[in-house]
Every structure is written in C-alpha cells, then in structure tokens.
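Chains, contacts and geometry: an overview
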Amino acid sequence: MASKHYNFKKSQELYARACKVIPSGLYGHQGPAEGCWIPPTSWPFFTERAQGSYFWDVDGNKYIDYMCAYGPNVLGYNDPDVDAAALAQAKLENCVTTPSTKILEFAEYLVDTVASADWAFFMKNGNDTTQGAIMCARAYTHRKKIIFINGFYHGVSMWTQKIDYPGVLPEDVANSLYVDWNDFEGLKKVVEENEGEIAAFISTPYLHGNFADNVLPADGYWQKVRNLCTEKGIVLIVDDVRAGFRLDIAGSDHYFGFEADLICFCKALANGWNVSALCGKDFLKSAMSGLSYTGSYWMSAIPFAAGIACIEKMKKLDTPKMFREKGLKLCDGLKAAAANNGFNLVVSGEPSLFYLRIADDDSLLIHQDWVQEMVHRGIYITSHHNHFMNASLTDEDIERTIEVADDAFKAIRPKY
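Presented here is a report on the structure given in the accompanying data block.

A few points about the overall build of the protein
In terms of regular secondary structure, the protein is built from twelve helices and 13 strands. Radius of gyration (C-alpha) of the protein: 22 Å, near the 22 Å computed for a compact globule of 416 residues. In terms of its C-alpha atoms, the protein occupies a principal-axis envelope of roughly 60 × 55 × 45 Å. Within the protein, the proportion of its 416 residues that are buried is 56%. Here the contacts in the protein between residues at least 6 apart in sequence split such that 74% fall between residues at least 24 apart. Carbon and sulfur atoms provide 53% of the accessible area of the protein, an area that totals close to 17700 Å². Averaging the coordinates of the 39 positive side-chain charges in the protein and doing the same for the 52 negative ones gives two points 3 Å apart.

Comments concerning the packing of helix α5 (residues 184-193) against helix α6 (residues 221-232)
Each pair of packed helices can be summarised by the angle the axes make with each other and by the distance between the axes. Where α5 meets α6, the closest approach of the two axes is 11 Å, and the angle between their N-to-C directions is 10°. Between α5 and α6, the interaxial angle falls into the category roughly parallel. Contact with α5, carried on its side by F184, L187, K188 and V191, involves Y221, K224, V225, L228 and K232 of α6 and no other residues of that element. Within the contact of α5 with α6, the residues separate by chemical class into six nonpolar, no polar and three charged.

Side note on the environment of F45
Relative to the helices and strands, F45 is located in the loop between α1 (9-21) and β1 (47-51). F45 sits 249 residues away from T294 along the chain, and the two C-alpha atoms are 33 Å apart. If we ignore the near neighbours within four places in the chain, the residues touching F45 are S11, Q12, Y15, L26, P32, W37 and P40.

Things to note about helix α12 (residues 395-412)
Look at α12: 26 Å from first C-alpha to last across 18 residues, which is about the 26 Å you get at 1.5 Å a residue. When α12 is considered as a whole, its buried residues turn out to be D397, I398, T401, V404, A405, D407, A408, F409 and I412. Contacts made by the buried residues of α12 are with β2 (54-57), β3 (62-65), α10 (319-340), β12 (355-358), α11 (365-376) and β13 (379-380).

As for the pattern of salt bridges
Taken as a whole and judged by the stated rule, the model has 21 salt bridges. The partner of E185 in a salt bridge is K188, with the nearest N and O atoms 4.0 Å apart. Here E185 pairs with K188, and both are found in helix α5, just three residues apart, close to one helical turn. According to the relative accessible area criterion, E185 is exposed, its value standing at 53%. Where D213 meets R357, a salt bridge forms, and the shortest distance between an N and an O atom there is 2.7 Å. Of the two residues, D213 is situated in the loop between β7 (198-203) and α6 and R357 in strand β12; the sequence distance between them amounts to 144 residues. Accessibility expressed as a relative area gives 27% for R357, which makes it partly exposed. Each of D79, D81 and K313 takes part in a single network of salt bridges with overlapping partners.

With respect to the nonpolar core
Ranked by size, the top nonpolar core spans 101 residues in total, and within it L110, F201 and W370 carry the most contacts. Residue contributions to this core peak at eight residues, all from helix α9 (residues 301-317).

A word on the environment of P32
Here P32 lies in the loop between α1 and β1. Counting along the chain gives 289 residues from P32 to K321, while the straight-line C-alpha distance between them is 34 Å. Non-local contacts of P32, meaning those with residues more than four positions away in its chain, are made with Y15, L26, W37 and F45.

What about the state of the cysteines?
Here the structure, examined in full by the defined rule, presents zero disulfides. Cysteine C68 remains unbridged, with the sulfur of C310 as its closest cysteine sulfur at 12 Å. C310 forms no disulfide, and the closest cysteine sulfur to it belongs to C266, at a distance of 12 Å. Take C310: its relative accessible area is 0%, and that puts it in the buried class.

Procedures and definitions
- All residue numbers here refer to positions counted from 1 along the written sequence of the relevant chain.
- Restriction of local features to residues with pLDDT of at least 70 applies here, the model being predicted, together with a cutoff of 80 or more for giving and counting side-chain atom pairs; totals for whole chains, interfaces and linings are based on all residues.
- The basis for every side-chain value is the complete set of heavy atoms in the structure, and neither hydrogens nor water enter the calculation.
- Each helix is a run of DSSP H or I of at least 4 residues and each strand a run of E of at least 2, with the numbering of both proceeding from the N terminus.
- With C-alpha atoms as the basis for the radius of gyration, the globule rule is written as 2.2 Å multiplied by the number of residues raised to the power 0.38.
- For every residue, the accessible area obtained with a 1.4 Å probe (protein chains only) is divided by the maximum for its type, and the residue is called buried under 20%, exposed over 50%, and partly exposed between those limits.
- Every residue pair with non-hydrogen atoms within 4.5 Å of one another is taken to be in contact.
- Note that accessible areas follow from Shrake-Rupley with a 1.4 Å probe, and for residues the cover is restricted to the protein chains shown.
- Asp and Glu are treated as the negative residues and Lys and Arg as the positive ones, with His and the ends of the chain left uncounted.
- Here the site of a charge means NZ on Lys, CZ on Arg, CG on Asp, or CD on Glu.
- Only the contacting stretch of a helix is used when fitting its axis, a line to C-alpha atoms as for every element, and angles between N-to-C directions run 0 to 180 degrees.
- Any angle between 65 and 115 degrees counts as roughly perpendicular, while under 35 counts as roughly parallel, over 145 as roughly antiparallel, and the rest as oblique.
- Polar here means any residue outside two lists: the nonpolar Ala, Val, Leu, Ile, Met, Phe, Trp, Tyr, Cys and Pro, and the charged Asp, Glu, Lys and Arg; Gly therefore counts as polar.
- Expected helix span is taken as 1.5 Å per residue step, with the number of steps being one fewer than the number of residues.
- Salt bridges are defined as contacts in which a side-chain nitrogen from Lys or Arg sits within 4 Å of a carboxyl oxygen from Asp or Glu.
- Only buried Ala, Val, Leu, Ile, Met, Phe, Trp, Tyr and Cys residues count toward a nonpolar core, and they belong to the same one when joined by side-chain atoms within 4.5 Å.
- The criterion for a disulfide is a pair of cysteine sulfur atoms lying within 2.5 Å.

Note that every value here comes from positions in space, so none of it alone points to a role or purpose.
Now the structure itself:
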C-alpha cells in the first residue's frame, strides 16, 4: 500500500522564525545546522504532541518514531505509570532547600539494580555523568591522561572534543590519548608509553558512533581491558548513556561479562524525565564525595520518582528481551525490503539500538535519499545515528514500517 507524501510547510515557517532568536534555529549535533537532516526541506522541525511510539508534527503528520527523542523514550511517550509517579511526587515537592527522600530511594534502587554499583550520584544530562566520571578518576588517581576510543562521543565538555573544534583550546585536549576499538594490543602499547600517567579509560560498551557501522566487542576484549586497568591502576569508565538498560537492566558491562569502576546512565533512566546517574565502586566513593560538583536542579525529586517507576516497569516487562526480539524482527524485515528492491541494507550494533547503512555508496546519498522517503511516509528515522526500540512499539507498527520501507526503496530505485 502506497503512503502519502508529507509536506512540512508550517515546520519550515517556524524554523525561519526560530533562526531569528535561537542560534542555528534548532541546535544539536544532529540538527539541520550540522547537515544531518538531508535535505532540510524533507524533515519536520517541530512537534505538536507525542504518545507511545508516535509523534505528530506541527503540520499534522504522524510518525512511528525510531529515534525516541534520541533515546529517552524507552517505554513509550507519556507512559501512564511513569507519569503517574512523577505527578504524584509533584504534588508533594520537587526542588526544595533540602532533598526529598526520593533521592535516597532512587540511589538504593539503582545500587540494587546495577551489578557494578555501590553508590549512585545524580545529575541531569549524559554529559554531566561523563564529566563527573573523569573528574572522579583524576581525583582518585592524581593523574591527568584519559584514553578514548577513536570515533567516541562522550558529551560536549571541552575534554570530550577535538583540537580543531570551535572554542576548544589545545590545552583542553592535551591529555587525551586515542586507540582503536577492539585493538587490545594497541591499548597495551599506549598504556606502556604512558606508564603511571593514565587516570581513566572511557568507552561505550560497544562502538556505536555516528556515520559508521556499529561494532560489538571482540570475544574476551572487555575482560582483557578490565584486567589491564586493574593491573595499572586505571579507572575503567563505561559510558552507558545511550545503551544503558537497553541491553541489560543490570548495566551493559554486566551484559558483556565484566564490571566497570564507574558507569554513566541517562537516556533510558526515567523515560524522558530529566535525570542522569553516575554509579561507581566503593573505592571511588570518597573521591566522588570530594568533588566540587553540583547543579541547580540536580536534586529535584520528580525525576527520581519517575526513574524508580521506569526501572520497575522495565524489569516487569523484561524490556531488554523485548527490544532484542522486536529489533531483530524489524531489522530482518528492513533488510528483506532492501533486497527485494536490489539494495543491500547493512544493519549493525545491537537490535535494541541498531544502525542502518545502504552499502556500496561511499557518498551516502542513496542512504540519505531513502531516509527522506521514509520520513515523508511517516517513519521517523535519521541518516547517520543509531535508532532505538521502545516498549510501546507494536507488531503492527513494525509491519507498517517494513511496508513503508519497501515503498521507499521502490521510490528511489529508478534513480540508482
């Protein structure tokens, strides 16, 4: 069944207004200013409402959303159980001079849930957690240098960026070291060359960067990294902001069979209510306690209540199992739709947060063309980022997505 082709007239008008009062109109590393919504005229820039797996843009177009607000939507937009917990807490208190007991309840719940956690420290954004983790590692080790995996993204603090990025000074990244993913021998070499100087090794649980296929850890990779960090006194940090709770409710380090010293959570923590968490081992608690590190809203109680309800529901539904099963069904269907039309769609990463790329096209133009056809037909995906499953996604949604994918491939086939 063919799908109608959407138009975005009102979105475009609002975007023109926004450019007058907001830098870039819409900021963010995946926004139109960064060239990731291609072409910009084929994307909705503003939403009007959202529910479950769907959102509606200001032009009245409905989408099955596989970006899930870039990850926070893990149960479905406006999940009734999570929102009920948040609103009940709102009637009592939120930001108060001293914190609500919800901070204690949430910390205890996370420590009981996350396999590697002895304590929890709450913040607001994923960047807050990675920044706190690096500061904690440096405070504990009294060392400066940090090892990153090439292709990393750990937030927007200056230490997470590159020397040629606007506003970044050479000294901001002077203590950054880089190795390739899954290259344990390369990691050993960097450690040997900087003996006694490395505070931390930071990585996502698997390589899920943008503009490249995602890559899982090689057999035994994480266990060797864990042993090396222990031997050399290097703090092992897992950035689980994106993948956290989607692979394993106990943490992605648990999923891959090792324990991090520090693990960073955010996106799936409270189904869109703004909270993040850094969890760590007991030996790092004193170092974390000594940091001068806080924020105006870091102890707001509403997101803590939402976070407890969110994790409880994820456990009840066994969302990691659900996401894997539904993700495999969707990805297999998308690959089949591509093959039926003479294209090779590569799916990489974990099924719960999969990455798509049309092969045999170094220009990326074919892939971007297909993505815009999907968006025009009501399936919201993006060109160069992983996608997310959420618990409200139905089998009918998946079947509709595969049907639209076939239609979109047919639409671009004559061009290529």
